[in-house]
Amino acid sequence: MKFGIIRERKSPPDKRVVFAPQELVLLKERFPQAEIKVESSGIRIFKDAEYESLGFEVSDDVSDCDVLIGVKEVPVDALIPDKKYFFFSHTIKKQPHNQKLLQAIVDKNIALYDHETIVDASNKRLIGFGRYAGNVGTYNGFRAFGVKYDLFNLPKAETLLDKEELITKLKRQVLPPVKIVLTGRGKVGMGAKEILDAIKIKQVSVEDYLNKTYTEPVYAQIDVLDYNRRMDGKVINNRDFYDNPTEYVSDFERFTKVSDMFIAGHFCGNNAPAILTREMLASPHNKIKVVADISCDVDGPIACTVRASTIAEPFYGYYPAEGKEVDMFHPAAIVVMAVDNLPCELPRDASSGFGQMFLEHVIPAFFNDDKDGILYRAKITDKGHLMPRFKYLEGYVNENIKNAL
(Lines give C-alpha, C1' and ligand atoms only; values in the text may rest on other atoms or scores of the structure.)
Protein backbone atom coordinates (compact mmCIF):
# COMPACT_ATOMS: atom_id res chain seq x y z
CA MET A 1 0.00 0.00 0.00
CA LYS A 2 1.53 3.27 -1.12
CA PHE A 3 0.17 6.50 0.39
CA GLY A 4 0.60 9.90 -1.24
CA ILE A 5 0.30 13.11 0.79
CA ILE A 6 -0.97 15.53 -1.84
CA ARG A 7 -0.45 19.26 -2.34
CA GLU A 8 -3.36 21.59 -1.55
CA ARG A 9 -4.48 23.34 -4.71
CA LYS A 10 -7.50 25.41 -3.65
CA SER A 11 -7.48 29.19 -3.56
CA PRO A 12 -7.10 30.95 -1.17
CA PRO A 13 -4.15 28.73 -0.21
CA ASP A 14 -4.55 26.32 2.71
CA LYS A 15 -1.36 25.57 4.64
CA ARG A 16 -2.74 22.49 6.39
CA VAL A 17 -1.81 18.88 5.62
CA VAL A 18 -3.28 15.62 6.88
CA PHE A 19 0.07 14.35 8.14
CA ALA A 20 2.75 16.50 9.74
CA PRO A 21 6.27 15.03 9.37
CA GLN A 22 6.34 13.56 12.87
CA GLU A 23 2.98 11.83 12.41
CA LEU A 24 4.34 10.16 9.26
CA VAL A 25 7.24 8.84 11.34
CA LEU A 26 4.72 7.29 13.73
CA LEU A 27 2.78 5.82 10.80
CA LYS A 28 5.93 4.20 9.45
CA GLU A 29 6.84 2.82 12.87
CA ARG A 30 3.41 1.24 13.34
CA PHE A 31 3.05 0.01 9.76
CA PRO A 32 6.53 -0.56 8.31
CA GLN A 33 5.01 -2.17 5.21
CA ALA A 34 3.41 1.17 4.25
CA GLU A 35 5.15 3.17 1.53
CA ILE A 36 4.82 6.95 1.71
CA LYS A 37 5.46 9.73 -0.78
CA VAL A 38 4.90 13.46 -0.20
CA GLU A 39 3.91 15.72 -3.08
CA SER A 40 6.07 18.85 -3.16
CA SER A 41 4.34 22.03 -1.94
CA GLY A 42 5.43 25.64 -1.62
CA ILE A 43 2.54 26.66 0.66
CA ARG A 44 2.34 23.80 3.19
CA ILE A 45 3.11 24.83 6.78
CA PHE A 46 5.74 22.06 6.90
CA LYS A 47 8.45 22.50 4.29
CA ASP A 48 9.50 19.78 1.85
CA ALA A 49 12.89 19.65 3.58
CA GLU A 50 11.23 18.74 6.90
CA TYR A 51 9.83 15.57 5.32
CA GLU A 52 13.03 14.80 3.43
CA SER A 53 15.14 15.13 6.58
CA LEU A 54 13.09 12.30 8.11
CA GLY A 55 13.65 10.05 5.12
CA PHE A 56 10.42 10.60 3.16
CA GLU A 57 10.47 10.92 -0.61
CA VAL A 58 9.22 14.29 -1.87
CA SER A 59 8.21 14.52 -5.52
CA ASP A 60 6.05 16.43 -8.01
CA ASP A 61 4.63 13.12 -9.24
CA VAL A 62 2.44 10.98 -6.94
CA SER A 63 0.70 9.05 -9.71
CA ASP A 64 2.32 5.80 -8.54
CA CYS A 65 0.54 6.00 -5.16
CA ASP A 66 -2.53 3.89 -4.38
CA VAL A 67 -4.13 6.20 -1.82
CA LEU A 68 -3.97 10.00 -2.13
CA ILE A 69 -4.67 12.01 1.03
CA GLY A 70 -5.43 15.73 1.18
CA VAL A 71 -7.45 18.26 3.15
CA LYS A 72 -9.60 20.36 0.79
CA GLU A 73 -11.30 19.58 -2.52
CA VAL A 74 -9.03 18.49 -5.36
CA PRO A 75 -9.66 20.48 -8.58
CA VAL A 76 -11.22 18.35 -11.32
CA ASP A 77 -8.24 18.73 -13.67
CA ALA A 78 -5.86 17.48 -10.94
CA LEU A 79 -7.76 14.25 -10.21
CA ILE A 80 -5.87 11.08 -11.16
CA PRO A 81 -8.23 8.35 -12.46
CA ASP A 82 -8.60 4.96 -10.74
CA LYS A 83 -7.14 6.09 -7.40
CA LYS A 84 -8.41 6.15 -3.83
CA TYR A 85 -8.78 9.73 -2.51
CA PHE A 86 -9.36 11.15 0.96
CA PHE A 87 -10.38 14.81 1.32
CA PHE A 88 -13.25 17.05 2.41
CA SER A 89 -15.34 16.96 -0.78
CA HIS A 90 -18.28 19.06 0.48
CA THR A 91 -20.67 17.05 -1.66
CA ILE A 92 -22.73 14.92 0.75
CA LYS A 93 -25.27 17.72 1.27
CA LYS A 94 -25.56 18.14 -2.53
CA GLN A 95 -23.59 21.38 -2.46
CA PRO A 96 -24.13 22.95 -5.90
CA HIS A 97 -20.58 24.34 -6.21
CA ASN A 98 -19.07 20.84 -6.00
CA GLN A 99 -21.54 18.95 -8.18
CA LYS A 100 -19.09 18.80 -11.09
CA LEU A 101 -16.38 17.53 -8.76
CA LEU A 102 -18.42 14.50 -7.68
CA GLN A 103 -19.51 13.88 -11.26
CA ALA A 104 -15.85 13.88 -12.34
CA ILE A 105 -14.92 11.51 -9.50
CA VAL A 106 -17.55 9.02 -10.70
CA ASP A 107 -16.47 9.43 -14.32
CA LYS A 108 -12.80 8.82 -13.46
CA ASN A 109 -13.53 5.61 -11.46
CA ILE A 110 -12.16 7.17 -8.28
CA ALA A 111 -12.93 5.71 -4.86
CA LEU A 112 -13.75 8.77 -2.76
CA TYR A 113 -13.53 8.71 1.03
CA ASP A 114 -14.65 11.94 2.68
CA HIS A 115 -13.11 12.94 6.02
CA GLU A 116 -16.62 13.96 7.08
CA THR A 117 -17.96 10.44 6.47
CA ILE A 118 -15.31 8.69 8.58
CA VAL A 119 -17.59 7.50 11.38
CA ASP A 120 -17.87 4.65 13.85
CA ALA A 121 -20.66 2.07 13.94
CA SER A 122 -22.86 4.59 15.81
CA ASN A 123 -22.33 7.16 13.05
CA LYS A 124 -20.18 9.35 15.29
CA ARG A 125 -17.50 11.31 13.45
CA LEU A 126 -13.99 10.15 14.27
CA ILE A 127 -11.80 12.89 12.81
CA GLY A 128 -12.08 16.60 12.15
CA PHE A 129 -10.64 20.05 12.71
CA GLY A 130 -13.38 21.20 15.12
CA ARG A 131 -11.12 21.53 18.15
CA TYR A 132 -8.89 23.97 16.31
CA ALA A 133 -11.84 25.97 15.01
CA GLY A 134 -12.85 26.34 18.67
CA ASN A 135 -9.34 27.44 19.64
CA VAL A 136 -9.04 30.10 16.94
CA GLY A 137 -12.66 31.25 17.07
CA THR A 138 -12.38 32.01 20.78
CA TYR A 139 -9.12 33.90 20.29
CA ASN A 140 -10.78 35.87 17.47
CA GLY A 141 -13.74 36.66 19.72
CA PHE A 142 -11.44 38.32 22.25
CA ARG A 143 -9.57 40.04 19.45
CA ALA A 144 -12.88 41.49 18.18
CA PHE A 145 -13.76 42.72 21.67
CA GLY A 146 -10.38 44.42 22.03
CA VAL A 147 -10.62 46.12 18.62
CA LYS A 148 -14.24 47.25 19.01
CA TYR A 149 -13.72 48.86 22.41
CA ASP A 150 -10.12 49.96 21.88
CA LEU A 151 -8.98 47.88 24.87
CA PHE A 152 -6.11 45.97 23.26
CA ASN A 153 -4.86 45.00 19.83
CA LEU A 154 -4.13 41.30 19.45
CA PRO A 155 -2.27 40.11 16.34
CA LYS A 156 -4.07 37.91 13.84
CA ALA A 157 -4.00 34.24 14.79
CA GLU A 158 -2.51 33.31 11.41
CA THR A 159 0.64 35.32 12.25
CA LEU A 160 1.30 33.26 15.40
CA LEU A 161 3.18 29.97 15.54
CA ASP A 162 0.77 27.76 17.43
CA LYS A 163 -1.96 27.50 20.05
CA GLU A 164 0.47 28.15 22.89
CA GLU A 165 1.38 31.49 21.37
CA LEU A 166 -2.33 32.38 21.08
CA ILE A 167 -2.71 31.64 24.79
CA THR A 168 0.40 33.65 25.68
CA LYS A 169 -0.93 36.70 23.81
CA LEU A 170 -4.34 36.44 25.48
CA LYS A 171 -2.86 36.11 28.96
CA ARG A 172 -1.11 39.46 28.57
CA GLN A 173 -4.38 41.34 28.10
CA VAL A 174 -6.39 42.87 30.92
CA LEU A 175 -10.02 41.93 30.47
CA PRO A 176 -12.96 43.76 32.01
CA PRO A 177 -15.41 41.65 34.09
CA VAL A 178 -17.26 40.33 31.05
CA LYS A 179 -19.71 37.44 31.02
CA ILE A 180 -19.18 34.91 28.22
CA VAL A 181 -21.75 32.32 27.21
CA LEU A 182 -20.48 29.28 25.28
CA THR A 183 -22.78 26.84 23.46
CA GLY A 184 -21.66 23.36 22.51
CA ARG A 185 -19.94 20.39 24.13
CA GLY A 186 -18.56 18.73 21.01
CA LYS A 187 -15.08 19.18 19.53
CA VAL A 188 -15.72 22.85 18.68
CA GLY A 189 -17.19 23.73 22.06
CA MET A 190 -14.44 21.90 23.93
CA GLY A 191 -11.81 23.62 21.77
CA ALA A 192 -13.28 26.97 22.84
CA LYS A 193 -13.34 25.86 26.49
CA GLU A 194 -9.68 24.84 26.19
CA ILE A 195 -8.72 28.47 25.49
CA LEU A 196 -10.99 29.95 28.17
CA ASP A 197 -9.54 27.60 30.78
CA ALA A 198 -5.96 28.18 29.62
CA ILE A 199 -6.29 31.94 30.18
CA LYS A 200 -7.91 31.36 33.59
CA ILE A 201 -11.40 32.63 32.82
CA LYS A 202 -13.53 31.35 35.69
CA GLN A 203 -16.26 28.85 34.79
CA VAL A 204 -19.50 29.24 36.74
CA SER A 205 -22.80 27.37 36.90
CA VAL A 206 -25.73 28.41 34.72
CA GLU A 207 -27.69 29.56 37.78
CA ASP A 208 -24.84 31.70 39.11
CA TYR A 209 -24.13 33.07 35.64
CA LEU A 210 -27.71 34.22 35.23
CA ASN A 211 -28.12 35.66 38.70
CA LYS A 212 -24.79 36.83 40.09
CA THR A 213 -22.57 39.83 39.40
CA TYR A 214 -18.82 39.32 39.17
CA THR A 215 -15.74 41.53 39.42
CA GLU A 216 -13.76 39.23 37.09
CA PRO A 217 -14.42 37.66 33.66
CA VAL A 218 -16.52 34.48 33.87
CA TYR A 219 -18.07 32.01 31.45
CA ALA A 220 -20.82 29.41 31.40
CA GLN A 221 -20.78 26.47 28.99
CA ILE A 222 -24.38 25.62 28.25
CA ASP A 223 -26.03 22.55 26.76
CA VAL A 224 -29.11 22.21 24.56
CA LEU A 225 -31.60 22.06 27.45
CA ASP A 226 -30.11 25.23 28.91
CA TYR A 227 -30.97 27.26 25.82
CA ASN A 228 -34.04 25.39 24.52
CA ARG A 229 -37.28 24.46 26.28
CA ARG A 230 -40.20 22.27 25.38
CA MET A 231 -43.30 24.20 24.40
CA ASP A 232 -45.39 22.08 26.77
CA GLY A 233 -43.09 22.92 29.69
CA LYS A 234 -41.89 19.36 30.29
CA VAL A 235 -38.22 18.77 31.10
CA ILE A 236 -37.08 15.43 29.69
CA ASN A 237 -33.52 14.93 28.38
CA ASN A 238 -31.15 15.79 25.54
CA ARG A 239 -32.24 12.77 23.51
CA ASP A 240 -35.81 14.05 23.48
CA PHE A 241 -34.55 17.35 22.08
CA TYR A 242 -32.59 15.60 19.32
CA ASP A 243 -35.52 13.33 18.48
CA ASN A 244 -38.25 15.99 18.68
CA PRO A 245 -36.66 19.38 17.87
CA THR A 246 -39.93 20.84 16.59
CA GLU A 247 -41.39 20.48 20.09
CA TYR A 248 -38.89 23.05 21.38
CA VAL A 249 -38.35 26.81 21.24
CA SER A 250 -35.30 28.87 22.11
CA ASP A 251 -34.78 29.81 25.74
CA PHE A 252 -31.58 31.71 24.98
CA GLU A 253 -32.98 35.19 25.70
CA ARG A 254 -32.28 34.80 29.41
CA PHE A 255 -28.58 34.63 28.48
CA THR A 256 -28.73 37.66 26.15
CA LYS A 257 -29.82 39.78 29.10
CA VAL A 258 -26.61 39.15 31.06
CA SER A 259 -23.92 38.23 28.47
CA ASP A 260 -21.30 40.46 26.92
CA MET A 261 -19.88 37.85 24.53
CA PHE A 262 -21.44 34.81 22.87
CA ILE A 263 -19.18 32.02 21.58
CA ALA A 264 -21.27 29.76 19.36
CA GLY A 265 -19.71 26.31 19.22
CA HIS A 266 -22.86 24.20 18.95
CA PHE A 267 -23.98 21.84 16.21
CA CYS A 268 -27.42 22.76 14.90
CA GLY A 269 -29.46 19.86 13.55
CA ASN A 270 -32.30 19.95 11.06
CA ASN A 271 -35.55 21.46 12.40
CA ALA A 272 -33.87 22.70 15.60
CA PRO A 273 -35.22 26.09 16.71
CA ALA A 274 -33.27 29.27 16.07
CA ILE A 275 -31.05 30.10 19.04
CA LEU A 276 -30.38 33.84 18.87
CA THR A 277 -33.22 35.53 16.99
CA ARG A 278 -33.44 38.96 15.43
CA GLU A 279 -36.03 39.90 18.06
CA MET A 280 -33.67 38.98 20.90
CA LEU A 281 -30.86 41.00 19.33
CA ALA A 282 -33.11 44.05 18.88
CA SER A 283 -34.50 43.89 22.42
CA PRO A 284 -33.55 46.79 24.73
CA HIS A 285 -32.57 44.11 27.27
CA ASN A 286 -29.94 42.52 25.01
CA LYS A 287 -26.41 43.04 26.37
CA ILE A 288 -24.40 40.98 23.86
CA LYS A 289 -21.66 43.04 22.25
CA VAL A 290 -19.62 40.39 20.39
CA VAL A 291 -20.74 37.16 18.73
CA ALA A 292 -17.99 34.70 17.81
CA ASP A 293 -19.99 32.33 15.61
CA ILE A 294 -17.61 29.42 15.14
CA SER A 295 -20.44 27.24 13.83
CA CYS A 296 -21.02 29.82 11.05
CA ASP A 297 -24.38 28.73 9.66
CA VAL A 298 -25.32 31.68 7.45
CA ASP A 299 -28.99 32.64 7.79
CA GLY A 300 -29.20 29.91 10.42
CA PRO A 301 -29.75 29.77 14.17
CA ILE A 302 -27.72 32.95 14.91
CA ALA A 303 -29.60 35.83 13.28
CA CYS A 304 -26.64 38.22 13.19
CA THR A 305 -24.59 35.79 11.06
CA VAL A 306 -25.74 37.30 7.79
CA ARG A 307 -22.64 36.09 5.93
CA ALA A 308 -19.38 34.27 6.47
CA SER A 309 -16.39 36.50 7.09
CA THR A 310 -12.82 35.82 6.00
CA ILE A 311 -9.43 35.41 7.61
CA ALA A 312 -8.41 38.64 5.87
CA GLU A 313 -11.50 40.54 7.13
CA PRO A 314 -12.82 38.51 10.08
CA PHE A 315 -15.22 41.03 11.65
CA TYR A 316 -18.31 42.94 10.61
CA GLY A 317 -21.02 44.86 12.39
CA TYR A 318 -24.68 43.90 12.79
CA TYR A 319 -27.25 46.63 13.40
CA PRO A 320 -30.05 45.01 15.44
CA ALA A 321 -32.64 47.72 14.86
CA GLU A 322 -32.63 47.04 11.11
CA GLY A 323 -31.27 43.49 11.00
CA LYS A 324 -28.51 44.35 8.57
CA GLU A 325 -24.74 44.53 8.26
CA VAL A 326 -23.00 47.78 9.12
CA ASP A 327 -19.47 48.89 9.93
CA MET A 328 -18.27 47.22 13.14
CA PHE A 329 -17.54 50.64 14.66
CA HIS A 330 -21.14 51.83 14.26
CA PRO A 331 -22.08 52.81 17.84
CA ALA A 332 -25.07 50.45 17.92
CA ALA A 333 -23.37 47.56 16.13
CA ILE A 334 -22.84 44.10 17.55
CA VAL A 335 -19.53 42.72 16.29
CA VAL A 336 -19.77 39.39 14.46
CA MET A 337 -16.87 37.01 13.84
CA ALA A 338 -18.03 34.30 11.42
CA VAL A 339 -14.93 32.98 9.67
CA ASP A 340 -15.82 29.63 8.09
CA ASN A 341 -12.28 28.19 7.78
CA LEU A 342 -10.84 28.97 11.21
CA PRO A 343 -8.48 25.96 11.49
CA CYS A 344 -6.50 27.42 8.56
CA GLU A 345 -5.24 30.06 11.02
CA LEU A 346 -3.66 27.37 13.20
CA PRO A 347 -2.21 25.08 10.50
CA ARG A 348 0.64 23.56 12.52
CA ASP A 349 -1.47 22.39 15.47
CA ALA A 350 -4.43 21.49 13.27
CA SER A 351 -2.30 19.33 10.98
CA SER A 352 -0.58 17.50 13.83
CA GLY A 353 -3.86 16.82 15.64
CA PHE A 354 -5.65 15.69 12.49
CA GLY A 355 -2.81 13.33 11.59
CA GLN A 356 -2.97 11.72 15.03
CA MET A 357 -6.69 11.04 14.58
CA PHE A 358 -6.22 9.74 11.03
CA LEU A 359 -3.43 7.41 12.16
CA GLU A 360 -5.52 6.10 15.05
CA HIS A 361 -8.83 5.58 13.25
CA VAL A 362 -8.20 5.19 9.52
CA ILE A 363 -4.76 3.83 8.64
CA PRO A 364 -5.20 0.55 10.60
CA ALA A 365 -8.22 -0.29 8.43
CA PHE A 366 -5.94 -0.69 5.41
CA PHE A 367 -3.99 -3.42 7.21
CA ASN A 368 -6.72 -5.29 9.13
CA ASP A 369 -9.15 -5.91 6.23
CA ASP A 370 -11.28 -3.01 7.49
CA LYS A 371 -12.58 -5.20 10.32
CA ASP A 372 -14.50 -2.30 11.90
CA GLY A 373 -16.04 -1.06 8.64
CA ILE A 374 -14.35 2.35 8.81
CA LEU A 375 -13.41 2.43 5.12
CA TYR A 376 -16.67 0.89 3.96
CA ARG A 377 -18.80 3.47 5.76
CA ALA A 378 -16.62 6.37 4.59
CA LYS A 379 -16.54 5.40 0.90
CA ILE A 380 -18.86 7.54 -1.21
CA THR A 381 -17.97 6.26 -4.69
CA ASP A 382 -16.26 3.20 -6.16
CA LYS A 383 -15.70 1.97 -9.73
CA GLY A 384 -17.95 4.61 -11.25
CA HIS A 385 -20.87 4.12 -8.84
CA LEU A 386 -22.22 5.54 -5.61
CA MET A 387 -21.97 3.29 -2.57
CA PRO A 388 -25.31 2.15 -1.02
CA ARG A 389 -25.12 4.67 1.87
CA PHE A 390 -24.88 7.51 -0.64
CA LYS A 391 -27.42 6.45 -3.26
CA TYR A 392 -29.42 9.54 -2.30
CA LEU A 393 -26.83 11.52 -4.30
CA GLU A 394 -27.79 9.75 -7.55
CA GLY A 395 -29.80 12.64 -9.00
CA TYR A 396 -27.08 15.10 -7.95
CA VAL A 397 -24.46 13.03 -9.79
CA ASN A 398 -26.49 12.24 -12.90
CA GLU A 399 -27.92 15.72 -13.49
CA ASN A 400 -26.48 17.07 -16.77
CA ILE A 401 -23.45 14.87 -16.24
CA LYS A 402 -22.42 14.90 -19.89
CA ASN A 403 -22.45 18.69 -19.98
CA ALA A 404 -20.53 18.93 -16.72
CA LEU A 405 -17.52 16.86 -17.75
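Our structure is the block above this text.
Described below are features of the structure shown in this document. What you are looking at is a predicted structure, and each value in this text was computed from that prediction instead of being measured. (Residues numbered from 1 in each chain as written. Predicted model: local features only at pLDDT ≥ 70, side-chain atom pairs only at ≥ 80, totals over all residues. Heavy atoms only, no water.)

### Topic: the sheet that holds strand 18 (residues 385-386)
Defined as follows: A pair of strands is labelled paired if DSSP reports no fewer than 2 bridges between them. In this description a helix means any DSSP run of H or I spanning at least four residues, a strand means any run of E spanning at least two, and both kinds are numbered starting from the N terminus. Here a residue-residue contact requires only that any non-hydrogen atoms of the pair lie within 4.5 Å. Note on geometry: axes are C-alpha line fits, over the in-contact stretch for helices, and angles between N-to-C directions span 0 to 180 degrees.
What the eight strands build is an open sheet, ordered 3-2-1-4-5-6-17-18; its pairing is mixed. Whereas interior strands pair on both sides, the edge strands pair on one side only; in this sheet they are strand 3 (57-59) and strand 18. Here strand 2 (residues 35-39) pairs with strand 3 via three bridges, running parallel. Its bridge partner being in strand 3, V38 is matched across the sheet by V58. Sheet strands touched by helix 1 (residues 21-30): strand 1 (2-5) and strand 2. Its angle to strand 2, the strand with the most contacts, is close to 160 degrees.

### Re the pattern of salt bridges
Test applied: For salt bridges, the criterion is a side-chain nitrogen of Lys or Arg within 4 Å of an Asp or Glu carboxyl oxygen.
Enumeration according to the criterion identifies 29 salt bridges in this entry. Among the ionic pairs, D260 bridges to K289, the shortest N-O distance being 2.7 Å. With D260 in the loop between helix 10 (253-256) and strand 12 (261-264) and K289 in the loop between helix 11 (278-282) and strand 13 (290-293), the pair connects residues that are 29 residues apart, well separated along the chain. D382 is the salt-bridge partner of K379, the closest N and O atoms lying 3.4 Å from each other.

### Some points on the packing of helix 5 (residues 163-171) against helix 6 (residues 187-198)
For the record, the criterion: For classification purposes, an angle smaller than 35 degrees is called roughly parallel, one larger than 145 roughly antiparallel, one from 65 to 115 roughly perpendicular, and anything else oblique. Here a crossing is taken to be left-handed if its near helix is turned anticlockwise relative to the far helix by less than a right angle, and right-handed if that turn runs clockwise. Think of it as three bins: nonpolar holds Ala, Val, Leu, Ile, Met, Phe, Trp, Tyr, Cys and Pro, charged holds Asp, Glu, Lys and Arg, and polar takes everything else, Gly as well.
One can describe the packing of helix 5 onto helix 6 by two numbers: an axis separation of 9 Å at closest approach and a directional angle of 45 degrees. Judged on the interaxial angle alone, helix 6 and helix 5 are oblique. Every pair of crossing elements has a handedness; the one defined by helix 5 and helix 6 is right-handed. Contacts between helix 5 and helix 6 pair K163, I167, L170 and K171 from the former with E194, I195 and A198 from the latter. Looking at the contact of helix 5 with helix 6, its residues break down into four nonpolar, no polar and three charged.

### Some thoughts on the sheet that holds strand 7 (residues 179-183)
One key point about sheets: their strands pair by backbone hydrogen bonds, in either a parallel or an antiparallel sense. Ordered by their spatial adjacency, eight strands build an open sheet running 8-9-7-12-13-16-14-15, and the pairing between neighbours is mixed. Unpaired on one side and paired on the other, strand 8 (202-203) and strand 15 (324-326) mark the two borders of the sheet. The sheet contact formed by strand 8 and strand 9 (residues 218-222) spans two bridges and is parallel. Its bridge partner being in strand 9, Q203 is matched across the sheet by Y219.

### Thoughts on the packing of aromatic side chains
Put simply, the test is: Pairing of aromatic rings covers Phe, Tyr and Trp, the last through its six-membered ring, and needs centres within 6.5 Å; plane angles under 30 degrees mean stacked, over 60 mean edge-to-face, and all others mean tilted. Think of it as a cone above the ring: NZ of Lys or CZ of Arg counts as a charge over the ring if it is within 6 Å of the ring centre and within 35 degrees of the ring normal.
Scanning the entire structure with this criterion turns up 18 aromatic pairs. Here F31 and F367 contribute two aromatic rings whose centre-to-centre distance is 4.8 Å and whose plane-to-plane angle is 15 degrees, an arrangement assigned as stacked. One end of the pair, F31, is in the loop between helix 1 and strand 2; the other, F367, is in the loop between helix 12 (347-361) and helix 13 (374-378), with 336 residues separating them in the sequence. Pairwise contacts between aromatic rings join F3, F19, F31, F86, Y113, F358, F366 and F367 into one cluster. Across the ring face of Y209, the terminal group of K179 is positioned such that the distance to the ring centre comes to 5.3 Å.

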